[in-house]
Amino acid sequence: MARTSSSDAERAAIRTVATLMAASARTAPKTRGVDTTQTMIVEGEDIELLAAAMDEAANTKPEYLAPAFRRDAQNVRGSECVVLIGVSGVPKKPEQPLDCGACGFKTCKGLLNARLQEGKDFFGPLCVFASLDLGVALGSAVKIAGDLNIDNRIMYTLGAAATKLRWLEADIVHGIPLSTTGKNPYFDRG
Ligand code: SF4
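These notes cover the structure that comes with them. (Residues numbered from 1 in each chain as written. Predicted model: local features only at pLDDT ≥ 70, side-chain atom pairs only at ≥ 80, totals over all residues. Heavy atoms only, no water.)

The subject of this paragraph is the overall build of the protein chain. Along its length, the protein chain carries six helices and six strands. When the elements of the protein chain are put in sequence order from the N terminus, they spell out α-β-α-α-β-α-β-β-α-β-α-β. The C-alpha radius of gyration computed for the protein chain amounts to 18 Å, which stays within 12% of the reference 16 Å derived for 190 residues, consistent with globular compactness. Dimensions of the protein chain, computed from C-alpha atoms along their principal axes, come out at roughly 65 × 40 × 25 Å. Looking at the protein chain as a whole, 42% of its 190 residues are labelled buried. Taking all contacts inside the protein chain whose residues are at least 6 apart in sequence as the whole, residues at least 24 apart take part in 73%. Roughly 9800 Å² of accessible area belongs to the protein chain as shown, and the carbon and sulfur atoms make up 54% of that amount. (Helix = DSSP H or I, 4+ residues; strand = E, 2+ residues; numbered from the N terminus. Rg over C-alpha atoms; globule rule 2.2 N^0.38 Å. Buried < 20%, exposed > 50% of the residue type's maximum accessible area, 1.4 Å probe, protein only. Contact = heavy atoms within 4.5 Å. Areas by Shrake-Rupley, 256 points an atom, 1.4 Å probe, with all protein chains shown as cover.)

Most of strand S6 (residues 172-179) is tucked away, with eight of its eight residues classed as buried. A two-sided burial pattern is seen for S6, the buried positions comprising Ile172, His174, Ile176 and Leu178 on one face and Val173, Gly175, Pro177 and Ser179 on the other. Pairing analysis gives seven bridges linking strand S2 (residues 81-87) to S6, with the strands arranged antiparallel. In the strand pairing of S6, valine 87 is matched with isoleucine 172. Relative to S6, strand S5 (residues 151-152) runs antiparallel, the two sharing two bridges. The residue bridging aspartate 151 from the neighbouring strand is serine 179, located in S6. (Pairing = 2+ DSSP bridges.)

Moving on, we get to the site of the ligand. Surveying the vicinity of the ligand reveals the residues Pro91, Leu98, Asp99, Cys100, Gly101, Cys103, Cys108, Leu111, Cys127, Val128 and Phe129. Counting residues per element, the ones that place at least two in the shell around the ligand are helix H4 (108-114) and helix H5 (128-147). Taken together, the residues of the shell around the ligand sort by class into nine nonpolar, one polar and one charged. (Near = heavy atom within 4 Å. Nonpolar A, V, L, I, M, F, W, Y, C, P; charged D, E, K, R; others polar.)

Here we take up the pattern of salt bridges. Scanning the model with the defined rule gives 14 salt bridges in all. Arginine 11 is paired through a salt bridge with glutamate 80; the nearest N and O atoms lie 3.2 Å apart. With arginine 11 in helix H1 (residues 6-27) and glutamate 80 in the loop between helix H3 (66-77) and S2, the pair connects residues that are 69 residues apart, well separated along the chain. For glutamate 80, a relative accessible area of 32% corresponds to the partly exposed category. With a shortest N-O distance of 2.8 Å, glutamate 48 and arginine 77 are connected by a salt bridge. A residue pair is termed long-range when its members are at least 10 positions apart, and glutamate 48 in helix H2 (residues 45-58) and arginine 77 in helix H3 qualify at 29 residues. On the accessibility criterion, arginine 77 (29% relative accessible area) is partly exposed. (Salt bridge = Lys/Arg side-chain N within 4 Å of Asp/Glu carboxyl O.)

Below, the discussion takes up unusual backbone geometry. At the junction of arginine 115 and leucine 116, the peptide bond is cis and its omega measures out at 10° in the coordinates. Mapping leucine 116 onto the fold places it in the loop between H4 and strand S3 (117-118). Of note, the amide linkage connecting glycine 124 to proline 125 takes the cis form, showing an omega dihedral of -5°. Checked against the element boundaries, proline 125 lands in the loop between strand S4 (123-124) and H5. Its identity is not glycine, yet arginine 166 carries a phi of approximately 65°, on the positive side. Mapping arginine 166 onto the fold places it in the loop between helix H6 (156-165) and S6. Accessibility expressed as a relative area gives 37% for arginine 166, which makes it partly exposed.

The next subject is the sheet that holds S5. The sheet built from four strands is open, its strands ordered S1-S2-S6-S5 with antiparallel pairing. Edge positions in the sheet fall to strand S1 (38-43) and S5, since each has one partner strand and no second. Contacts between H1 and the sheet are confined to S1, S2 and S6, with S1 contributing the most and set at about 170° to the helix. (Axes fitted to C-alpha atoms, helices over the stretch in contact; angles between N-to-C directions.)

Dropping the structure here:
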């Protein structure tokens, strides 16, 4: 008789959902039809590397931010899997620039000339359309997780640490930890 324990079944479910989330981020609509999205699934010992980077980042934060970084780091340690999604902030099709001005520069070239500066958490400045792509990709990914009842949460703090680790070729990354427990660990955290 073949038997699968609940913990093994849940671990397999999370892994499957993480792969579907990565696919969903890829197929999400992209501005100007140009895709700079990168994804990564993090599991096992590498989860601790992410959590440790978040704790390290917490030590550089003001009092009003540090507790959130430490709290989220503990959440990440307790997660089975993390999905990272990031984008490049470079404007699309620079040979056919939109020059829309939404980023604070009058032209796309102006933004390009200002890149690449390292902020406390991310690299910039970013084209607004890259930020839109990231938001849509994140929304598509967590919709999959939500539809399949895998607990999840989009974390800026996790993304900030992942961005600085440079595991993705992306200027801004956000992270989504995944879990299956009787109580969602990412909300009502006190
Ligand atoms: S947001 Fe900035 S870089 Fe992006 S299209 Fe508009 S002007 Fe160009």
